[in-house]
Amino acid sequence: QGQLVESGGGLVQPGSSLRLSCAASGRTFNNYAVGWFRQAPGKEREFVSAISYSGRGTVYADSVKGRFTISRDSAKNTVYLQMNSLKPEDTAVYYCAANNYLSRNAVDYRDWGQGTQVTVSS
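Residues numbered from 1 in each chain as written. Predicted model: local features only at pLDDT ≥ 70, side-chain atom pairs only at ≥ 80, totals over all residues. Heavy atoms only, no water.

A.B. asks: Please set out the overall build of the chain residue by residue, giving values where relevant.
C.D. replies: Looking only at helices and strands, the chain has zero helices and 11 strands in total. Traced from its N-terminal end to its C-terminal end, the chain shows the element sequence β-β-β-β-β-β-β-β-β-β-β. For 122 residues, the compact-globule formula gives about 14 Å, and the C-alpha radius of gyration of the chain, at 13 Å, lands near that figure. Counting only C-alpha atoms, the chain reaches 40 × 30 × 25 Å along its principal axes. Put simply, the chain has 122 residues, and 43% of those count as buried. Once local pairs closer than 6 in sequence are excluded, the contacts in the chain between residues at least 24 apart make up 58%. When the accessible surface of the chain is split by element, carbon and sulfur atoms take 44% of a total near 6,300 Å². When the 13 basic and 9 acidic side-chain charges of the chain are each reduced to a single mean position, those positions are 5 Å apart. (Helix = DSSP H or I, 4+ residues; strand = E, 2+ residues; numbered from the N terminus. Rg over C-alpha atoms; globule rule 2.2 N^0.38 Å. Buried < 20%, exposed > 50% of the residue type's maximum accessible area, 1.4 Å probe, protein only. Contact = heavy atoms within 4.5 Å. Areas by Shrake-Rupley, 256 points an atom, 1.4 Å probe, with all protein chains shown as cover. Lys, Arg positive; Asp, Glu negative; His and termini not counted. Charge placed at Lys NZ, Arg CZ, Asp CG, Glu CD.)

Structure (structure tokens):
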């Protein structure tokens, strides 16, 4: 599946937007499902969103539904997470991961990126 690299995190105010990117540096992951997860200090890893290999199937956690949008661009070998109306509780390190099927469970994913920090604060 290759190694994944996340980017696009930063410090923003509540209500702002960010777009995270997940790029594959090795083999293409166009034939794999990709999930986004996040982890805040002292908390367990939390599912955020996932997209099927074709981009036709998407899944969202209830906490981000209506605010976040996952998409992928096969030509760029990249998966995106558009985050709107950000809240302080969205603060976490965000990770992307690849799997051979769409899943909401972190344990199903084997290939992970290094993470990118998202901080939402006034």
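Back to the text.
A.B. asks: With reference to specific residues and values, describe the side chain of Asp-90.
C.D. replies: Locating Asp-90 in the fold gives a position in the loop between strand S8 (78–83) and strand S9 (92–99). In this structure Asp-90 comes out as buried when scored by relative accessible area, which is 1%. Of the polar contacts made by the side chain of Asp-90, one reaches the side chain of Arg-67; its length is 2.8 Å. For Asp-90, the residues in contact, after removing those within four places along its chain, are Arg-38, Arg-67, Phe-68, Ser-85, Val-118 and Val-120. (Polar contact = N/O pair within 3.5 Å; in protein donor to acceptor, adjacent residues only side chain to side chain.)

A.B. asks: Summarise the sheet that holds strand S7 (residues 68–73); cite the residues concerned and give the values.
C.D. replies: Reading across from one edge, S1-S3-S8-S7 is the order of the four strands in this open sheet, with antiparallel pairing throughout. Every other strand in the sheet has two partners, leaving strand S1 (4–7) and S7 as the edge strands with one partner each. The mean inter-strand angle of the sheet, taken between neighbouring strand axes irrespective of direction, is 15 degrees. In terms of strand pairing, S7 meets S8 through six bridges, oriented antiparallel. What sits directly across from Ile-70, in S8, is Leu-81. (Pairing = 2+ DSSP bridges. Axes fitted to C-alpha atoms, helices over the stretch in contact; angles between N-to-C directions.)

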